[in-house]
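# A closer look at the structure
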Number of protein chains: 2
Amino acid sequence: MKRLRRLLSRRRARDAEQAFVLEGTTIVDEALDAGIELEAVFVTAGAAESTLDRAAAAGVAVRELAPGVIERVADTVTPQPVLAVARYLDAPLEIVQDVTLAVVCVGVSDPGNAGTLLRSAEAAGVGAVVCCDGSVDVYNPKTVRASAGALFHVPVVAGGDAVAVLDRIGGWGLRRLGAAPSGGDDYTNVDLAGPTAFVVGNEAHGLPPALGRSLDGHVTIPMAGRAESLNVGTATAILCFEAARQRREPRP
Amino acid sequence: MKRLRRLLSRRRARDAEQAFVLEGTTIVDEALDAGIELEAVFVTAGAAESTLDRAAAAGVAVRELAPGVIERVADTVTPQPVLAVARYLDAPLEIVQDVTLAVVCVGVSDPGNAGTLLRSAEAAGVGAVVCCDGSVDVYNPKTVRASAGALFHVPVVAGGDAVAVLDRIGGWGLRRLGAAPSGGDDYTNVDLAGPTAFVVGNEAHGLPPALGRSLDGHVTIPMAGRAESLNVGTATAILCFEAARQRREPRP
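Computed from a predicted structure; not experimentally measured.

Glancing now at the packing of helix α9 (residues 232–248) of chain A against helix α9 (residues 232–248) of chain B. At a minimum axis separation of 9 Å, α9 of chain A and α9 of chain B run at an interaxial angle of 55 degrees. Here α9 of chain A lies oblique to α9 of chain B, going by the angle between them. Relative to α9 of chain B, the crossing made by α9 of chain A is right-handed. Between α9 of chain A and α9 of chain B, the residues in contact are Thr234, Ala237, Ile238, Phe241, Glu242 and Arg245 of chain A and Thr234, Ala237, Ile238, Phe241, Glu242 and Arg245 of chain B, respectively. A per-class count over the contact of α9 of chain A with α9 of chain B returns six nonpolar, two polar and four charged.

Once that is clear, we can look at the relation of the copies chain A and chain B. Expressed as a screw transformation, the operator carrying chain A onto chain B has a rotation angle of 180 degrees and an axial translation of 0.0 Å, and the superposed copies differ by an RMSD of 0.0 Å. Given the turn and translation reported, the copies of this chain are related as if by a two-fold rotation axis. Of all interface residues in chain A, 100% are interface residues in chain B too; the two copies therefore contact each other through one and the same surface.

Residue and element names in this part refer to chain B. Strands sit in the order β1-β4-β2-β3 across an open sheet of four strands; the sheet is mixed. Edge positions in the open sheet fall to β1 (19–23) and β3 (61–64), since each of these has one partner strand only. Geometrically, the sheet is characterised by an average inter-axis angle of 20 degrees between neighbouring strands, direction not taken into account. As defined by bridge partners, β1 adjoins strand β4 (residues 82–87) across five bridges and the pair is classed as antiparallel. Looking across to β4, one finds that Ala19 is bridged to Arg87. With respect to the sheet, helix α1 (residues 2–9) is in contact with β1, β2 (38–43) and β4, its orientation differing from that of β1 by roughly 95 degrees. Against the sheet, helix α3 (residues 25–33) engages β1, β2 and β4, with an angle of about 125 degrees to β1.

Opposite the 32 residues of chain A that make contact, chain B presents 32 residues. Note on chain A versus chain B: buried area summed over both sides is about 2400 Å², and carbon and sulfur give 50% of it. Connecting chain A to chain B are four salt bridges. Measuring nitrogen to oxygen at the nearest pair gives 3.9 Å for the salt bridge that ties Glu242 of chain A to Arg245 of chain B. Taken together, the links from chain A to chain B amount to six residue pairs in polar contact (both at pLDDT 80 or more). Contributing elements (two or more residues each) for the side of chain A that touches chain B: α6 (111–124) and α9 of chain A. Per element, the largest residue contribution to the side of chain A that touches chain B is seven residues, and it comes from α9 of chain A. Residues of the side of chain A that touches chain B, tallied by class, amount to 13 nonpolar, ten polar and nine charged.

What counts and how
- Residues numbered from 1 in each chain as written.
- Chains lettered and ligands numbered in written order.
- Predicted model: local features only at pLDDT ≥ 70, side-chain atom pairs only at ≥ 80, totals over all residues.
- Heavy atoms only, no water.
- Axes fitted to C-alpha atoms, helices over the stretch in contact; angles between N-to-C directions.
- Helix = DSSP H or I, 4+ residues; strand = E, 2+ residues; numbered from the N terminus.
- Parallel < 35°, antiparallel > 145°, perpendicular 65-115°, else oblique.
- Left-handed = near helix turned anticlockwise from the far one by under 90°.
- Contact = heavy atoms within 4.5 Å.
- Nonpolar A, V, L, I, M, F, W, Y, C, P; charged D, E, K, R; others polar.
- Least-squares fit on C-alpha atoms with pLDDT ≥ 70 in both.
- Pairing = 2+ DSSP bridges.
- Buried area = accessible area lost by both parts, 1.4 Å probe.
- Salt bridge = Lys/Arg side-chain N within 4 Å of Asp/Glu carboxyl O.
- Polar contact = N/O pair within 3.5 Å; in protein donor to acceptor, adjacent residues only side chain to side chain.

Structure below.
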């Protein structure tokens, strides 16, 4: 149980083992649906039978825990009586060569926002999400929960250094557009139908200015009311769905 | 202090007093910035001086509490040492007569989603948000927090019965478009430049079918991947920003 607690609470432990924890029947079911390889499933009496049957059918080891153990270990306030350990799902950066819409996170720090971002990215048809150094770990339990299973469907890349990532992505022909709360081009006036990577920054500080040289431009969502009224997950959703809209539109 | 706790934890208490609680310097500052009338500000030693000075300058009673009291009362896990009581900000439904973009919530049940929805609505230039019976109370402490001050800038209407609300709004000439996870018209193919009210439903169950007769149509956001991948706050943001886009576009 110490291992589960460590994997839930410490990124360093997750990185060292390249493994993370899924909490609750919903997300474990999502993982099984998506054919994700699970190392083990941990349950107490009362866990949903269907989940256990499916885990067993998928050849996953199922271990029973004493009553109360999961509740003590879990990150959630009202945990469901199932935990599972899965291997990191990291895709190689090279996957971005083959996608036409990508999101690059630089310093996105809120785990809930990162989860919402993944969820919206999946819905918008984003082909890859790259998380550079300084961005939240997508295997954080809060991110896993907020992603609502999107983590199993959108390829996620642990990107490393942002400048190096953007240089490679640019070399592959994607247009790298930084999301700026103000001062960029109106995102609806920018051609987003070609290969595009939206580069999104920290909730409070935006993108590091030093990144400017590694970008092909900046886009801004014109806002009524006060500035910076959108969270990074919502802003990314709006950008990605505008790209999807332009791609559905008949070309002149 | 019992009153503060009651106002934080029970909608019925808020409704009876027509008052709600703001937690933390950020949101209290936002309220003062917006010229919201505060009944009282409660602090312990260590509260931000600037907030107190401004509250006093605005003629608001400032009351000191014994150390630890706010921490025991507050809804937040890491409370900031300031609470304030404000009167309900409800606008009358008639305000919708004068707006060209409105959001009507029917059964939106998650307080965080409702807060994000308010925040995005403000940013998209929505003129009014109507919360019908069965929708979360916008004065829920989680909604107040997630709205990030938008509650002070977007008129919010406590709507009552959804059918009655939609009938009146329709009579005023707004096109009432229900948001449907599937089966509606592609939202980017619908003319959203005229007076429009988006009608959004419960996170899990959508809009009640009986509401169909009170709607002028349904709109759907085409999604890649699995169905229902967007939360109601994000979906509302995408719809409202598409309306904003169409309104900026030069008319043919």
